[in-house]
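So you can see what is in the structure, the chains are spelled out below.
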Amino acid sequence: MSGPLFAELRRALDADEPVVLATVTDRADSAGHATALAAKLVVKPGEPVLGTLGHPELDRVVARDALAALDRGVTVTRHYGAHGEARREDVSILLEVFVRRARLVLFGAVDFTRALVEVGRVLGYAVTVCDARSVFSTGARFPLADEVVVDWPDRYLARVGSDLGPRDAVCVLTHDTKFDVPAIMAALATRVGYLGAMGSRRTHEHRWKRLLDAGASESELRARLMSPIGLDLGARTPEETAVSIFAEIIAVRTGRVSGPLGPLRDGSGSIHAR
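Basis of the calculations
- Residues numbered from 1 in each chain as written.
- Predicted model: local features only at pLDDT ≥ 70, side-chain atom pairs only at ≥ 80, totals over all residues.
- Heavy atoms only, no water.
- Salt bridge = Lys/Arg side-chain N within 4 Å of Asp/Glu carboxyl O.
- Helix = DSSP H or I, 4+ residues; strand = E, 2+ residues; numbered from the N terminus.
- Buried < 20%, exposed > 50% of the residue type's maximum accessible area, 1.4 Å probe, protein only.
- Polar contact = N/O pair within 3.5 Å; in protein donor to acceptor, adjacent residues only side chain to side chain.
- Contact = heavy atoms within 4.5 Å.
- Pairing = 2+ DSSP bridges.
- Expected span 1.5 Å × (residues − 1).
- Arc of directions from axis to C-beta.
- Patch = residues over 30% accessible without salt bridge, like charges linked within 9 Å, V, L, I, M, F, W, Y side chains within 5 Å.
- Areas by Shrake-Rupley, 256 points an atom, 1.4 Å probe, with all protein chains shown as cover.

A. Spotlight on the pattern of salt bridges. Taken as a whole and assessed by the stated rule, the structure comprises 19 salt bridges. The residue Asp 168 makes a salt bridge to Arg 100 at a minimum N-O spacing of 3.1 Å. Of this pair, Asp 168 sits in the loop between α4 (153–160) and β9 (169–172) while Arg 100 sits in the loop between β5 (91–98) and β6 (103–107), and the two are 68 residues apart along the sequence. Between Arg 159 and Asp 151 there is a salt bridge whose closest N-O contact spans 2.6 Å. Judged by relative accessible area, Asp 151 falls into the buried class, the value being 7%.

Okay, here's the thing in structure tokens:
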């Protein structure tokens, strides 16, 4: 790798910034010698690409696909024509994705929050607990959280919401419309991949009406809000509920939300087994 490319990649990694290194790993003879083996491209969101794979159009298409892979957080190999044509296999390019830890933002310093913090850390999330009530939002209550913030949820998301993406999750655990309606409305304005809200079906119905009154559309709520939160595992304890919620987060991320163990929001009746 040439000096400038290596320096920028190392700088991004040291700063924990998302970056993709695209490398030509295979080239058919028909692709021509312009696309050399091991040619590289460094791609970062919102910045010009650094390097070249041998043709401007190939660089453009690969940069686009690299950003899509960055959103998913998955390293992949893609195939192209020599000039970036789709459905061709003249050039094989490895898209090495380097991402920060996925973020889990928990609104509400309640009994279930500690279990979610613990499971989130096991799964590799950077976990933030946010609650406007300073008496509950303390590091002593949530020692495993990466960050404990005393603030209103909508104000917190106004500061950090632009950094949230498809790999990140927001869970609203407050059961209080003065907290959870502004939190959900603010989260809907971000690109966060998972948005869930805790509460009974009655709480959900009341909150749904308040969200519509606040300006949310019914189609947007049905598409993005998982409420009541979690998969229907029959969970009762905070720890079991945390497993249920993270199972749903994973299912949403991988597109596997249908099946025999579906979301609680798609069922009916009591969310707790008698």
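Here the narrative resumes, following the displayed structure.
B. Molecular detail of the side chain of Thr 23. In this structure, Thr 23 sits in strand β1 (residues 19–27). Thr 23 gets classed as buried once you look at its relative accessible area, which sits at 7%. At 3.0 Å, the side chain of Thr 23 and the side chain of Lys 40 are in polar contact. Excluding residues that lie within four positions of it along the chain, Thr 23 makes contacts with Ala 38, Ala 39, Lys 40, Ser 92, Ile 93, Leu 94 and Glu 96.

C. Layout of the side chain of Ser 227. Checked against the element boundaries, Ser 227 lands in the loop between β11 (225–226) and α8 (238–254). With a relative accessible area of 2%, Ser 227 lands in the buried category. A polar contact is formed between the side chain of Ser 227 and the side chain of His 204, at a distance of 2.9 Å. In terms of polar contacts, Ser 227 uses its side chain to reach the side chain of Arg 207, at 2.9 Å.

D. The sheet that holds β11, seen in detail. Taken in spatial order, the six strands make up an open sheet running β8-β7-β6-β9-β10-β11, and their pairing is parallel. The two strands at the open ends of the sheet, each matched to only one other strand, are β8 (147–150) and β11. Both β6 and strand β7 (residues 126–131) contribute to a ladder of five bridges, which runs parallel. Directly across from Leu 104, in β7, lies its bridge partner Val 127.

E. Looking closely at helix α1 (residues 3–14). For α1, with twelve residues, the first-to-last C-alpha span of 16 Å sits near the 16 Å given by 1.5 Å per residue. Residues Leu 5, Glu 8, Leu 9 and Ala 12 constitute the buried set of α1. The arc that holds every buried residue of α1, seen down its axis, measures 100°, which confines them to one face. For α1, exposure combined with an orientation more than 90 degrees from the buried face picks out Arg 10 and Asp 14.

F. Representation of a nonpolar patch on the surface. Among the surface-exposed residues, Val 122, Leu 123 and Ile 250 lie close enough to one another that they form a single nonpolar patch of about 280 Å² accessible area. In this structure, Val 122 sits in helix α3 (residues 111–122). You can call Val 122 exposed: its relative accessible area is 69%.

G. Main features of unusual backbone geometry. Cis geometry is adopted by the peptide bond preceding Pro 228, which originates at Ser 227 and carries an omega value of -5°. As for its placement among the helices and strands, Pro 228 is situated in the loop between β11 and α8. Even without being a glycine, Arg 87 presents a positive backbone phi close to 55°. Here Arg 87 falls in the exposed class, since its relative accessible area comes to 83%.

In short, geometric facts, not functional conclusions.
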